[in-house]
Amino acid sequence: MALCAKKRPPEEERRARANDREYNEKFQYASNCIKTSKYNILTFLPVNLFEQFQEVANTYFLFLLILQLIPQISSLSWFTTIVPLVLVLTITAVKDATDDYFRHKSDNQVNNRHSQVLINGVLQQEQWMNVCVGDIIKLENNQFVAADLLLLSSSEPHGLCYIETAELDGETNMKVRQAIPITSELGDISKLAKFDGEVICEPPNNKLDKFSGTLYWKENKFPLSNQNMLLRGCVLRNTEWCFGLVIFAGPDTKLMQNSGRTKFKRTSIDRLMNTLVLWIFGFLVCMGVILAIGNAIWEHEVGTRFQVYLPWDEAVDSAFFSGFLSFWSYIIILNTVVPISLYVSVEVIRLGHSYFINWDKKMFCMKKRTPAEARTTTLNEELGQVEYIFSDKTGTLTQNIMVFNKCSINGHSYGDVFDVLGHKAELGERPAPVDFSFNPLADKKFLFWDPSLLEAVKMGDPHTHEFFRLLSLCHTVMSEEKSEGELYYKAQSPDEGALVTAARNFGFVFRSRTPKTITVHELGTAITYQLLAILDFNNIRKRMSVIVRNPEGKIRLYCKGADTILLDRLHPSTQELLSSTTDHLNEYAGDGLRTLVLAYKDLDEEYYEEWARRRLQASLAQDSREDRLACIYEEVESDMMLLGATAIEDKLQQGVPETIALLTLANIKIWVLTGDKQAVNIGYSCKMLTDDMTEVFIVTGHTVLEVREELRKAREKMMDSSHTVGNGFTYQGKLSSSKLTSVLEAVAGEYALVINGHSLAHALEADMELEFLETACACKAVICCRVTPLQKAQVVELVKKYKKAVTLAIGDGANDVSMIKTAHIGVGISGQEGIQAVLASDYSFSQFKFLQRLLLVHGRWSYLRMCKFLCYFFYKNFAFTMVHFWFGFFCGFSAQTVYDQYFITLYNIVYTSLPVLAMGVFDQDVPEQRSMEYPKLYEPGQLNLLFNKREFFICIAQGIYTSVLMFFIPYGVFAEATRDDGTQLADYQSFAVTVATSLVIVVSVQIGLDTGYWTAINHFFIWGSLAVYFAILFAMHSNGLFDMFPNQFRFVGNAQNTLAQPTVWLTIVLTTAVCIMPVVAFRFLRLSLKPDLSDTVRYTQLVRKKQKAQHRCMRRVGRTGSRRSGYAFSHQEGFGELIMSGKNMRLSSLALSSFSTRSSSSWIESLRRKKSDSANSPSGGAEKPFKG
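What counts, and at which threshold
- Residues numbered from 1 in each chain as written.
- Predicted model: local features only at pLDDT ≥ 70, side-chain atom pairs only at ≥ 80, totals over all residues.
- Heavy atoms only, no water.
- Helix = DSSP H or I, 4+ residues; strand = E, 2+ residues; numbered from the N terminus.
- Buried < 20%, exposed > 50% of the residue type's maximum accessible area, 1.4 Å probe, protein only.
- Contact = heavy atoms within 4.5 Å.
- Areas by Shrake-Rupley, 256 points an atom, 1.4 Å probe, with all protein chains shown as cover.
- Pairing = 2+ DSSP bridges.
- Axes fitted to C-alpha atoms, helices over the stretch in contact; angles between N-to-C directions.
- Parallel < 35°, antiparallel > 145°, perpendicular 65-115°, else oblique.
- Nonpolar A, V, L, I, M, F, W, Y, C, P; charged D, E, K, R; others polar.
- Polar contact = N/O pair within 3.5 Å; in protein donor to acceptor, adjacent residues only side chain to side chain.
- Patch = residues over 30% accessible without salt bridge, like charges linked within 9 Å, V, L, I, M, F, W, Y side chains within 5 Å.
- Salt bridge = Lys/Arg side-chain N within 4 Å of Asp/Glu carboxyl O.
- Expected span 1.5 Å × (residues − 1).
- Arc of directions from axis to C-beta.
- pLDDT = per-residue confidence, 0-100.
- Phe/Tyr/Trp six-rings, centres within 6.5 Å; stacked < 30°, edge-to-face > 60°.
- Lys NZ or Arg CZ within 6 Å of the ring centre and 35° of its normal.
- Disulfide = S-S within 2.5 Å.

**A look at the overall build of the protein chain**
Part 1 of the reasoning: A tally of helices and strands in the protein chain yields 44 helices and 35 strands.
Part 2 of the reasoning: Per-residue burial for the protein chain yields a buried fraction of 53% across its 1188 residues.
Part 3 of the reasoning: Of all intrachain contacts in the protein chain linking residues separated by at least 6 positions in sequence, the fraction that spans at least 24 positions is 74%.
Part 4 of the reasoning: Accessible area for the protein chain stands at about 53500 Å²; split by element, carbon and sulfur atoms hold 58% of it.

Below, the structure written as structure tokens:
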């Protein structure tokens, strides 16, 4: 495996000679072994411990453990720290080892696959990891490509082969690759063994769609392009065999160059806790310094008088040194402000949340029998803070199934079904689909609902016949006939497959093809057309044409392409037809359908011969070959006659539009990053793009200057709309970059940005990335088409870099792995493109619609629970620990503890651990249905309102306030109180028991107030912990334990004597009341004067329950309820359905304010504005203008 990780100097060019390992080894190219694991047996322990001790908390506890091992300063036993520390380190190490074991297993599985390699003139089975650059490999049908290969020859004519690239670009359709003519004849092993050509090409890179190189053989040079390459991760399809020369291997392959590195992901709460631990340690040092100074002063002023019976230890020779030792003793005593049990509890809570996701039946896909899976336990609360979602399209938003839906032929639209009144019939009201039984070659799976189109075909309408003739001829589909009449089409794109299948069902059946002919069965008659030329599709042309000669000798060009391109190339005589077809195209686009325009042109023999001669010259040109061919194609594809248009539906996954609408209402921005060409139509289908948008900006520039200009124009248009805001207020003067961002994000109107991959490459350059980001963030929707896997990761990284926002990436293919690894949270869809995305993800499920439940329910609850847990945990530990600080002033600063050491040990482990765990695992503010109904409830997590530095200081302030009362109320009472027999009540042990009992009761009552959702487990843990406290207290103070261990249990009989005094119980009650009442009063006032959204939702729930109860009572006594109140009640129950339907979504989310006279979400909006303003202020946002 060492070869996998070996670092090499960067290459300037790659040289590979066939069948010459000795020559190729000089360059020390990477082997074909891959490595995604992090550890091996030798490095695991040191590397893992090093990683774990990068956590501030682990280092802090190790330091305390070392202190506790020094007897001169230790006042607590060392086992109180080492046992939980070792437990935490072990649990984490086991989890990391398990994860890495599966990575090793996956690596070994891939590296040990076998390929046939030509060695010394013989084909031998070799493991993938032993394949080297320069080897010749034989691939067979349905095999994975082992490395990046130059295609030499294949079983198909002209060196063609067919591949599926789902792992590279997410597209399941097939693509064609072709060997160069000089090597396409090397199908025989003896010829291949003598092949000694040398390839000189570009160095390893991540560009999937580009390759540039030259083959030198027999003193000739042959240019190589991406069309000659088979990339690792592809699968050979419909090709019996092929041979390839290894150019790039292992980590140098384009797939691995795009895979991205595995990153250690931590939540924002983890990062905040690291900062807080440092602050607490600083606070701890300050308290230690104060108490140490106090000790030195006390020993100097007072302690010297008691040397006779309170002598200093042998090592102590001065008051200063006594204070120095006291400092370390207090550091040990006061360290419980952050006990290690905090980290154990956090992991337990996260584990519980992960199981809730795994067990959620509403995220279980019955069709695929696939449950949701939390593949990590460390990111659950971050699911409640997501602001940006980056989604793949194919297989994630869509099913990647294309359906021929509608068409326009000679100005007549087909595809809609009307009822007897002339209204469009909805899906459920449609009659039976069209009967294609007249056609024995029809595809039985094809459905079409408008019978008038079939009637037009049967009636012999020439335009309809020409329309379907074009669809059956103008394509690159391959036909396979496994048995008579049983046709299987293999298409380069699902669109082409859908169009050819439509033509097949309507009687124009594409039957077979050769390099020079196409055979079509037209209404049962076999006709063979001579194929003269294919003018192939590319991203610039956006159209495809074929030139054919029919049996009568007539030459005709058939063309199909994007309306924006083709409509400008029509003959002027088609103007009237163009008008009606354009109306149909607009209608189809409004329905979110993918459209193509169809046209034809007759060519005379003379013109064609002359044009074909010029085309041949252009194809042989050494320089500017593509430009010359484009000009030749442009010439012939002009003055065409319009036939009509097609509309194809790219079927969305179930629930996608509703999910996107709901997540948008939760203020989550969704960007679609896809390797597919066609994403705009899906944008309309899933309601990301709408006709109501002010403008959709499309960036297609091919140079840096073009892209910069298009982005600048987009920003200018948005700024023009935002010059006048509100009641005519106009921005004056020049805005800084940071101010521009805040203004852009508050523009009037809704905008969308669509950018192509080649334009995105320029937009992501260092000098333009900020311009792209500020333009994109001002838009409601962003769609990036034809992007490479690495570009997906770069877009995610850009948002992470400049925006203080949690990102989530979701995809289903190997091309999404890099994006999934880069985002804060990666979600894998277990779809049709393998499990690579799932293996790289943090969470996985089978359908995009489950994302709303993952975020709005599980994510929001996880964030809420973790925040409440942390607030309470810091509160209870400051209340517990600060009592030692106050006691120091009354015990000569001697590092004497208030409580006995067993209470200190058990406080966080037994007495208070389970109640807070129950709250952290089970608590919820509103039920899951309300979380989905009111997506605005998600916003506090995005703004990080529930646990931040301010909330932390409030918690510790409450803890310190509680500790003051906890110490001074019993201290004041005990100073004057007496027992029932008249003796003095005050003694150290009685005081310790009273304070400890008060503390346990107060924190138990407090967690009762903090718990928003009571279960039997909460009751059992809270009251059970109190019962356990008293049981252990009386057991430890019993005579039996004292008799067995007299040196360990010195408080014998104290609990029984102390808690038998009414004064003690009055003191405990008084302390509890004074500690709790201000909290109750504050929460009551806040609920009355400034309720938040969750308070309002809970209030509406109570109202509904009362209405239900009253309704039932009225029905029991036979009274008829008011129809008005019944209608209002029904309206509230239907609110969730209204949200999920996507209708009036914006109004519905705001309608909640009608439940209360006060605005419940205005505070969120003002906070969001405040956050944005502070982040974009000149002082705080000059360098990072996009944070906030």
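Next comes the rest of the write-up.
**So, the sheet that holds strand β21 (residues 517-522)**
Part 1 of the reasoning: An order of β17-β16-β26-β25-β24-β23-β22-β21-β20 is seen for the nine strands of this open sheet, with the pairing classed as antiparallel. Every interior strand has two partners, whereas the edge strands, β17 (412-414) and β20 (508-513), have only one. Averaged over neighbouring strand pairs, the angle between their axes works out to 30 degrees when direction is ignored.
Part 2 of the reasoning: Pairing analysis gives five bridges linking β20 to β21, with the strands arranged antiparallel.

**What about the packing of helix α28 (residues 850-888) against helix α29 (residues 901-911)?**
Part 1 of the reasoning: Remark: α28 packs on α29, axes separated minimally by 12 Å, with the N-to-C direction vectors making an angle of 170 degrees. On the basis of their axis angle, the class for α28 and α29 is roughly antiparallel. Between α28 and α29, the contacting residues are Phe-873, Lys-876, Asn-877, Phe-880 and His-884 on the first element and Phe-903, Ile-904, Tyr-907 and Asn-908 on the second.
Part 2 of the reasoning: Its residues placed into classes, the contact of α28 with α29 shows five nonpolar, three polar and one charged.

**Concerning the side chain of Asp-392**
Part 1 of the reasoning: With respect to the helices and strands, the residue Asp-392 is situated in the loop between β15 (386-391) and β16 (398-409).
Part 2 of the reasoning: Classification of Asp-392 by relative accessible area gives buried; the value is 2%.
Part 3 of the reasoning: Among the polar contacts made by the side chain of Asp-392, one reaches the side chain of Thr-396 at a distance of 3.4 Å.
Part 4 of the reasoning: Here the side chain of Asp-392 touches Lys-792 through a polar contact of 3.3 Å, side chain to side chain.
Part 5 of the reasoning: Once residues within four sequence positions are removed from consideration, Asp-392 is found in contact with Leu-397, Leu-673, Thr-674, Lys-792, Ile-810, Gly-811, Asp-812, Asn-815, Asp-816 and Met-819.

**Thoughts on the pairing of strand β31 (residues 751-756)**
Part 1 of the reasoning: Counting buried positions along β31 yields six of six residues, so the element is predominantly enclosed.
Part 2 of the reasoning: Relative to β31, strand β28 (residues 695-699) is paired through five bridges, and the arrangement is parallel. Note that in β31 the partner of Glu-695 across the bridge is Tyr-751.
Part 3 of the reasoning: The pairing of β31 with strand β32 (residues 781-785) spans five bridges and is parallel. In the strand pairing of β32, Ile-755 is matched with Cys-784.

**Remarks on the environment of Tyr-529**
Part 1 of the reasoning: Mapped onto the elements of the fold, Tyr-529 is located in strand β22 (residues 525-535).
Part 2 of the reasoning: For Tyr-529, a relative accessible area of 6% corresponds to the buried category.
Part 3 of the reasoning: Sequence spacing of Tyr-529 and Glu-552 is 23 residues, and the spatial spacing of their C-alpha atoms is 9.7 Å.
Part 4 of the reasoning: Residues within four places of Tyr-529 in sequence aside, it is in contact with Arg-469, Leu-473, Lys-516, Thr-517, Ile-518, Glu-522, Val-548, Arg-549, Asn-550 and Pro-551.

**Quick look at the pairing of β16**
Part 1 of the reasoning: Sheet analysis places β16 next to strand β26 (residues 641-652), joined by eight bridges and oriented antiparallel. Each residue of the ladder has a partner; that of Phe-404, found in β26, is Ile-648.
Part 2 of the reasoning: Between β16 and β17, which follow one another and run antiparallel, lie two residues, and Asn-410 among them has a positive phi close to 55 degrees.

**Structural notes on a nonpolar patch on the surface**
Part 1 of the reasoning: Side chains of Ile-290, Phe-889, Phe-890, Phe-968 and Tyr-971 sit close together on the surface and give an oily, nonpolar patch of about 460 Å² of accessible area.
Part 2 of the reasoning: Along the chain, Phe-889 turns up in the loop between α28 and α29.
Part 3 of the reasoning: A residue is classified by how much of its surface remains accessible, and Phe-889, at 41% relative accessible area, is partly exposed.

**Re the sheet that holds strand β6 (residues 160-164)**
Part 1 of the reasoning: Taken together, the three strands give an open sheet; going across it, the order is β7-β6-β12, and neighbouring strands pair in antiparallel fashion. Each edge of the sheet is formed by a strand with only one pairing partner; in this case those strands are β7 (174-178) and β12 (235-237). Direction aside, neighbouring strands of the sheet carry axes that sit 45 degrees apart on average.
Part 2 of the reasoning: The pairing of β6 with β12 spans three bridges and is antiparallel. Residue pairing in the sheet places Tyr-162 in a bridge with Arg-237 of β12.

**Quick notes on the pattern of salt bridges**
Part 1 of the reasoning: Under the defined criterion, the tally for this structure stands at 51 salt bridges.
Part 2 of the reasoning: Between Glu-709 and Arg-712 there is a salt bridge whose closest N-O contact spans 2.2 Å. Taken together, the residues span about one helical turn, with Glu-709 and Arg-712 both in helix α21 (residues 704-722) at a distance of three residues.
Part 3 of the reasoning: Taking the relative accessible area as the measure of exposure, Glu-709 reaches 32% and is therefore partly exposed.
Part 4 of the reasoning: Residue classification places Arg-712 among the partly exposed residues on the basis of a relative accessible area of 31%.
Part 5 of the reasoning: Each of Glu-466, Arg-469, Glu-522, Lys-554, Arg-556 and Asp-602 takes part in a single network of salt bridges with overlapping partners.

**Notes on helix α16 (residues 575-590)**
Part 1 of the reasoning: For α16, which comprises 16 residues, the first-to-last C-alpha distance of 23 Å matches the rise-based estimate of 22 Å (1.5 Å per residue) to within 8%.
Part 2 of the reasoning: For α16, the set of buried residues is Leu-577, Leu-578, Thr-581, His-584, Leu-585 and Tyr-588. Seen end-on, α16 carries its buried residues on one side only, within an arc spanning 130 degrees. Set apart from the buried face of α16 by more than 90 degrees, the exposed residues are Gln-575, Glu-576 and Asn-586.
Part 3 of the reasoning: Where α16 is buried, its residues meet β16, β17, α15 (563-566), β25 (594-603) and β26.

**Digging into the confidence of the model for the protein chain**
Part 1 of the reasoning: On average, the protein chain scores 83 in pLDDT, and the residues at 70 or more come to 86%.
Part 2 of the reasoning: Confidence, read as mean pLDDT per element, is least for helix α40 (residues 1123-1133) in the protein chain (26) and greatest for helix α13 (residues 462-473) (96).
Part 3 of the reasoning: Confidence drops under a pLDDT of 50 for residues 1-6, and excluding neighbours within four residues, the segment shows ten contacts in the predicted structure.

**Describing the packing of aromatic side chains**
Geometrically, a pair of aromatic rings is defined through the distance of the ring centres and the angle of the planes.
Part 1 of the reasoning: The tally for this structure, following the rule as stated, stands at 61 aromatic pairs.
Part 2 of the reasoning: Note on Phe-890 and Phe-967: the rings are 5.4 Å apart at their centroids and 40 degrees apart in plane angle, and the pair reads as tilted. With Phe-890 in the loop between α28 and α29 and Phe-967 in helix α33 (residues 949-976), this residue pair connects regions lying 77 residues apart in the sequence.
Part 3 of the reasoning: The exposure class of Phe-967 is buried, given its relative accessible area of 0%.
Part 4 of the reasoning: Over the ring of Tyr-489 we find Arg-504; its NZ or CZ atom is 5.4 Å from the centre of that ring.
Part 5 of the reasoning: Of note, Lys-669 hangs over the ring of Tyr-388, and the distance from its end group to the ring centre comes to 5.3 Å.

**Describing the state of the cysteines**
Part 1 of the reasoning: If you walk through the whole model with that rule in mind, you get zero disulfides.
Part 2 of the reasoning: With no disulfide of its own, Cys-474 lies 6.4 Å from the sulfur of Cys-559, the closest cysteine sulfur.
Part 3 of the reasoning: Assessed through its relative accessible area of 1%, Cys-474 is described here as buried.

**Considering helix α14 (residues 494-505)**
Part 1 of the reasoning: Taking 1.5 Å of rise per residue, twelve residues should cover 16 Å, and α14 covers 17 Å from first to last C-alpha, within 8% of that figure.
Part 2 of the reasoning: Summarising burial for α14: eleven of the twelve residues are buried, a large majority.
Part 3 of the reasoning: Taken as a whole, α14 has its buried residues at Asp-495, Glu-496, Gly-497, Ala-498, Leu-499, Val-500, Thr-501, Ala-502, Ala-503, Arg-504 and Asn-505.
Part 4 of the reasoning: Count one or two residues on from α14 and you reach Gly-507, which has phi positive near 105 degrees.

**Remarks on unusual backbone geometry**
Part 1 of the reasoning: The residue Asn-19 is not glycine, and still its phi comes out positive at about 55 degrees.
Part 2 of the reasoning: Relative to the helices and strands, Asn-19 resides in the loop between β1 (14-17) and α2 (21-25).
Part 3 of the reasoning: In this structure, Asn-120 takes a positive phi of about 55 degrees despite not being glycine.

**Looking at the environment of Tyr-1029**
Part 1 of the reasoning: Secondary-structure assignment places Tyr-1029 in helix α35 (residues 1016-1036).
Part 2 of the reasoning: Residues Tyr-1029 and Val-1000, spaced 29 residues apart in sequence, show a C-alpha to C-alpha distance of 8.0 Å.
Part 3 of the reasoning: Among residues more than four places away in sequence, those in contact with Tyr-1029 are Phe-903, Tyr-911, Val-993, Ala-996, Thr-997 and Val-1000.

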